[in-house]
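The chain contents come next:
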Amino acid sequence: MGFFTTSSDTDIVEAKKGAFNRWEGSLSNAFKELENYYYQLENFFEDGNLSYLEECRKYPIIVDRRERLVKLTDRDKQQYDEKYNEIVEHYKIQLYNLVFKHLVEDPGTYHTKNSVYALKLYKWICYNNKRYDESINSLTKYYNQCIEPFIYIKQESYGHFSLIFDDVQVLKNYDSKIDEIYNSVLNRLEESKKPDISITKMSSFYTPDLIYQIAECLWYYAKKQPNSAKYNQVKETYMKYVNFKEPEEITQNIDFYYYKFSYPDFSHRKIGMNVETLIADCYIKNQMGGENVIKLEWNFISQWIDEMHSQGFDNQCHGLASGFAWLKLYNLERDVLRKMVKMGIVLTSYEEKRLNFLESGGTTPMDVYKVPHDYYFYFDRSAVDWNEKKA
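Everything quoted here is computed from the prediction, not taken from an experiment.

Participant: An account of the overall build of the chain is requested, with residue identities and associated values reported.
Facilitator: Within the chain, the regular secondary structure consists of 18 helices and six strands. Out of the 391 residues in the chain, the part that is buried amounts to 45%. Pairs at least 24 residues apart make up 67% of the contacts formed inside the chain by residues separated by at least 6 positions. If you sum the accessible surface of the chain, you get close to 21800 Å²; carbon and sulfur atoms cover 50% of it.

Participant: An account of the layout of surface pockets is needed here, citing residue identities and associated values.
Facilitator: Taken as a whole, the second largest pocket spans an internal volume of roughly 220 Å³. Lining the second largest pocket are 13 residues, and of these E42, T109, Y110, K113 and Y143 sit closest to its centre. Its residues placed into classes, the lining of the second largest pocket shows six nonpolar, five polar and two charged.

Participant: Explain a nonpolar patch on the surface to me, using residue names and the numbers behind them.
Facilitator: A contiguous nonpolar patch, built from I61, V63 and L69 and spanning about 340 Å² of accessible area, is present on the exposed surface. Among the structural elements, I61 can be located in the loop between helix 3 (49-57) and strand 1 (62-63).

Participant: Describe the nonpolar core, and please don't skip the residues or the numbers.
Facilitator: Membership of the largest hydrophobic core comes to 117 residues, with the highest contact counts inside it found for F31, L41, Y206, W219, W304 and L320. Broken down by element, the residue count for this core peaks at 12 residues, all from helix 4 (residues 74-105). Residues contacting W219, with those up to four places away along its chain left out, are Y152, I153, L163, F165, E276, I279, A280, Y283 and W326.

Participant: Tell me about the packing of aromatic side chains, and name the residues and values.
Facilitator: All told, the structure shown has 26 aromatic pairs when counted by the stated rule. When the centroid spacing of 6.2 Å and the interplanar angle of 65° are considered together, the rings of W219 and W326 count as edge-to-face. Separated by 107 residues along the polypeptide, W219 in helix 10 (residues 208-224) and W326 in helix 15 (residues 314-326) bring together distant segments of the chain. W326 matches W219 in its accessibility class, with the two residues each being buried. When the centroid spacing of 4.3 Å and the interplanar angle of 45° are considered together, the rings of F244 and F313 count as tilted. Highlighted residues: F244 in the loop between helix 11 (229-241) and strand 5 (248-254) and F313 in the loop between helix 14 (298-310) and helix 15, separated in sequence by 69 residues. Each member of the pair F244 and F313 is classed as buried. Ring-pair connections join several aromatic residues into one group, and the members of that group are Y152, F165, Y174, Y212, Y220 and Y221. The ring of Y117 has K120 sitting right over it, with the charged end atom 5.0 Å from the ring centre. Geometry around Y174 places K177 over its ring, the cationic atom sitting 4.4 Å from the centre.

Participant: Explain the side chain of K123 residue by residue, including any values.
Facilitator: Structurally, K123 is set in helix 5 (residues 109-125). A distance of 2.6 Å separates a polar atom in the side chain of K123 from a polar atom in the side chain of D133. Ignoring anything within four residues of it in the chain, the contact list for K123 reads N128, N129, Y132, D133 and I136.

Participant: Explain the side chain of D281 to me, and be specific about the residues and the numbers.
Facilitator: Residue position: D281 is located in helix 12 (residues 275-289). Ignoring anything within four residues of it in the chain, the contact list for D281 reads Y231, K235 and M273.

Participant: Hey, could you go over the pattern of salt bridges for me, with residue numbers and the actual values?
Facilitator: A full pass over the atoms with the stated rule returns 20 salt bridges. Among the ionic pairs, K224 bridges to D175, the shortest N-O distance being 3.1 Å. Here the residue K224 occupies a position in helix 10, and D175 occupies one in the loop between helix 7 (168-174) and helix 8 (178-191), the gap between them amounting to 49 residues. By relative accessible area, K224 is classed as partly exposed at 36%. Of the charged contacts, one joins E359 and R338 as a salt bridge, the two residues approaching to 2.8 Å between their closest N and O atoms. Within this pair, whereas E359 is found in helix 17 (residues 349-359), its partner R338 is found in helix 16 (residues 330-343), the two being separated by 21 residues in sequence. Since its relative accessible area comes to 37%, R338 is described here as partly exposed. Beyond isolated ion pairs, a larger network of salt bridges with shared partners links R334, D335, R338 and E359.

Participant: Which residues make up the environment of I305, and what are the values?
Facilitator: Here I305 is to be found in helix 14. The spacing of I305 and L320 is 15 residues in sequence and 8.9 Å in space, taken between C-alpha atoms. Those residues in contact with I305 that lie beyond four places of it in its chain are C317, L320, V336, K339 and M343.

Participant: So, helix 8: which residues are in play, and what are the values?
Facilitator: Taking 1.5 Å of rise per residue, 14 residues should cover 20 Å, and helix 8 covers 20 Å from first to last C-alpha, within 8% of that figure. All of the buried residues along helix 8 are I178, I181, Y182, V185, R188 and L189. Looking straight down helix 8, one finds its buried side chains confined to an arc of 115°; they lie on one side.

The rules we used
Residues numbered from 1 in each chain as written. Predicted model: local features only at pLDDT ≥ 70, side-chain atom pairs only at ≥ 80, totals over all residues. Heavy atoms only, no water. Helix = DSSP H or I, 4+ residues; strand = E, 2+ residues; numbered from the N terminus. Buried < 20%, exposed > 50% of the residue type's maximum accessible area, 1.4 Å probe, protein only. Contact = heavy atoms within 4.5 Å. Areas by Shrake-Rupley, 256 points an atom, 1.4 Å probe, with all protein chains shown as cover. 1 Å grid on protein atoms, 1.4 Å probe; cavity = no way out; pocket = protein on both sides within 12 Å on 5 of 7 lines; lining within 4 Å. Points joined across faces, edges and corners; volume = space filled by probe spheres on them. Nonpolar A, V, L, I, M, F, W, Y, C, P; charged D, E, K, R; others polar. Patch = residues over 30% accessible without salt bridge, like charges linked within 9 Å, V, L, I, M, F, W, Y side chains within 5 Å. Salt bridge = Lys/Arg side-chain N within 4 Å of Asp/Glu carboxyl O. Core = buried A, V, L, I, M, F, W, Y, C linked by side-chain atoms within 4.5 Å. Phe/Tyr/Trp six-rings, centres within 6.5 Å; stacked < 30°, edge-to-face > 60°. Lys NZ or Arg CZ within 6 Å of the ring centre and 35° of its normal. Polar contact = N/O pair within 3.5 Å; in protein donor to acceptor, adjacent residues only side chain to side chain. Expected span 1.5 Å × (residues − 1). Arc of directions from axis to C-beta.

Now the structure itself:
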């Protein structure tokens, strides 16, 4: 019987018990490492931790003391699955709370991105259940919308934008429905705060059309009621959800029962506004007092460019130069392009030509004309006007 001898029941039990304990310890430690990445979940994925976690989750290969393979029974596998579910229940709750905190309580572009990764990890913990795919895809589109320089106004080319509210009739038609649009946005945001809401239902409220509607209201009030309380209210909502600056925690020591309170400070987040919000502000100031009024804000604008560049969002800076050209704020456009060069931001070939033109004293848009046939000849009258002014 020598070749066919198997381990005794005691050997099998001990082998299974030892393997189970090692598996539980490795899995628990791997999940504990996850806690160090809660605010940088993108790095958790990039560092290969998910692959390691995947390995830890697998049923172990078990051999007895004679190095013979021990097969797991269905009951054994059930024991592993039950322990896995027991371990991950804690992390499912934490990931849920993370998505809630970063989407609902403490939003912003960086936190939205982290929510996408938290939801992906939540799906993985739930055995890659495909029921979460739609939520992940929708939230990813929402994040991609949030990092776009312009959400409502359409940039057709450098210095050329289309704003539907430039049509007086369209603006008038919105008078009767703008409140309904904004209230629907606020209602959606309130719905996402309901207690015990599922993670899929919560994320379903944060879609590209949500941000589009907020931006729509922003430009309506910028055009219709500049510097109104309503504009400022909508702007605050816009900046809360589309913002490249994280809120900072401020702690106050209260000499009352020795309590210490922490709360998110949003006061510094103006520097994190996206370029569309900044252009909307400048649009209003330009209506009220022209370029001289906006120049008073140059220190802030300069710091804003620094912030966007440090965050890796140079496209926001390019959008600002283009926006100033659209508003015919040519001195500010030149100053932005100058600063971009100084900071090492690579200009497009058109922006380089544009900067040379502005440095030479040009104060008009540079239009590129499409000539339909070789025998056509187009002449730009603005060049004559510029020379006449210079003379």
